[in-house]
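# Chains, contacts and geometry: an overview
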Amino acid sequence: MASSSYFLLAVFLALASSRAIASDPSPLQDFCVADKYSPGMYALTSNKSCSVVMKVNGFVCKDPMAVNADDFFMAANLDKPRDTMKRKVGSNVTLINVMQLPGLNTLGISLARIDYAPLGENPPHTHPRATEILTVLEGTLYVGFVTSNPNKLLAKVLNKGDVFVFPEGLIHFQFNPIYDKPAVAIAALSSQNPGAITIANAVFGSKPPISDDVLAKAFQVEKGTIDWLQAQFWENNHY
């Protein structure tokens, strides 16, 4: 009976700890404004036998006495449309994360405005550290995400005011199906630094490139097709 109780306790603790590390850690103080220029980005730890230099996961905190309102403010002009016509995929992502707004450090949230040209798209990509909730401000979007194996597509057409959620780490996309009208959306993400992996760029535009033998086998096409794809210019649509 006692061993069974210990087992259940161990399972509970394992589940609790896995949940605790599944996303950005909760802050332990009111705020931790990122000090991006601090030499303390590397912390020296030591024991009796050796010394180890460890990089901080994120940014160290700015001295609270030096924090001011500007650390939590950014004149981002998110009400202004962005240029989409110069983008090959027809979209422009304006991300506000800890790199632009130091006050977001440790708070587990960021924001993006996405502008879509007519027939423009935010191509299939993932955010390895964040769930995303998207709201359409103008226009129409066809959006969706693909589950982990066996890869079911869950997709929906959204109109102005509609909301859609993309779970953390899953491949997702947005496409403006209207040929004569742009679209605009705002997205909130559950990390101060969500990261982005654009699938086509990662597979065909990595530096150095993935072997064409590997990709030809994976996609079941001729190596010449892979070589042609790898020779294209893969524009980074996320920052």
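Everything numeric here is computed off the predicted structure, so don't read it as measured data. (Residues numbered from 1 in each chain as written. Predicted model: local features only at pLDDT ≥ 70, side-chain atom pairs only at ≥ 80, totals over all residues. Heavy atoms only, no water.)

Summed over all chains, the structure comprises six aromatic pairs. Centroid distance Tyr142 to Phe173: 5.5 Å. Interplanar angle 50°. Geometry classified as tilted. With Tyr142 in strand 7 (residues 141–146) and Phe173 in strand 10 (residues 171–175), this residue pair connects regions lying 31 residues apart in the sequence. The exposure class of Tyr142 is partly exposed, given its relative accessible area of 30%. Clustering of aromatic rings is evident, with ring pairs tying together Phe145, Phe164 and Phe166. (Phe/Tyr/Trp six-rings, centres within 6.5 Å; stacked < 30°, edge-to-face > 60°. Helix = DSSP H or I, 4+ residues; strand = E, 2+ residues; numbered from the N terminus. Buried < 20%, exposed > 50% of the residue type's maximum accessible area, 1.4 Å probe, protein only.)

One ladder, built from three bridges, connects strand 5 (residues 121–126) with strand 10; its direction is antiparallel. Each residue of the ladder has a partner; that of Asn122, found in strand 10, is Gln174. Examined bridge by bridge, strand 5 and strand 12 (residues 197–198) share two bridges and lie antiparallel to one another. In the sheet register, Thr126 faces strand 12, and the bridge partner there is Ile197. (Pairing = 2+ DSSP bridges.)

With that settled, consider the packing of helix 3 (residues 212–219) against helix 4 (residues 223–230). Two elements in contact, helix 3 and helix 4, have axes whose closest approach is 9 Å; the angle formed by their N-to-C orientations is 115°. Compared by their axis directions, helix 3 and helix 4 come out roughly perpendicular. The chirality of how helix 3 crosses helix 4 is right-handed. On the side of helix 3, the interface is formed by Asp212, Asp213, Leu215, Ala216 and Phe219, while helix 4 contributes Lys223, Ile226, Asp227 and Gln230. (Axes fitted to C-alpha atoms, helices over the stretch in contact; angles between N-to-C directions. Parallel < 35°, antiparallel > 145°, perpendicular 65-115°, else oblique. Left-handed = near helix turned anticlockwise from the far one by under 90°. Contact = heavy atoms within 4.5 Å.)

A separate point is the UniProt feature "binding site: oxalate" (unreviewed entry) in the protein. Within this structure's numbering, the places UniProt gives as "binding site: oxalate" (unreviewed entry) are Asn122, His127 and Glu132. Summarising the element assignment, Asn122 is placed in strand 5. With respect to the element layout, His127 can be found in the loop between strand 5 and strand 6 (132–138). Setting aside residues up to four positions removed in sequence, His127 forms contacts with Glu132, Glu168, Gly169, His172, Leu189, Pro194, Gly195 and Ala196. (UniProt positions renumbered as here; feature names shortened; annotations may be inferred.)

Moving on, we come to the sheet that holds strand 4 (residues 110–116). Taking strand neighbours across the sheet as the criterion, the five strands line up as 3-4-11-6-9 in an open arrangement whose pairing is antiparallel. Bordering the open sheet on either side are strand 3 (91–96) and strand 9 (163–166), each of which pairs with just one other strand. Averaged over all neighbouring strand pairs, the angle between strand axes comes to 20°, with direction disregarded.

What follows is about the UniProt feature "binding site: Mn(2+)" (unreviewed entry) in the protein. In this numbering, the UniProt entry assigns the feature "binding site: Mn(2+)" (unreviewed entry) to His125, His127, Glu132 and His172. The annotated residues occupy 48 residues of the chain but converge on a single region, no pair of C-alpha atoms lying more than 11.8 Å apart. Its place among the elements puts His125 in strand 5. Taking the relative accessible area as the measure of exposure, His125 reaches 1% and is therefore buried. At a separation of 3.4 Å, a polar atom in the side chain of His125 contacts the side chain of His127. Note that His172 resides in strand 10. A relative accessible area of 2% places His172 in the buried class. Setting aside its immediate chain neighbours within four residues, His172 contacts Pro123, Pro124, His125, Thr126, His127, Glu132, Gly144, Phe145 and Phe166. (Polar contact = N/O pair within 3.5 Å; in protein donor to acceptor, adjacent residues only side chain to side chain.)

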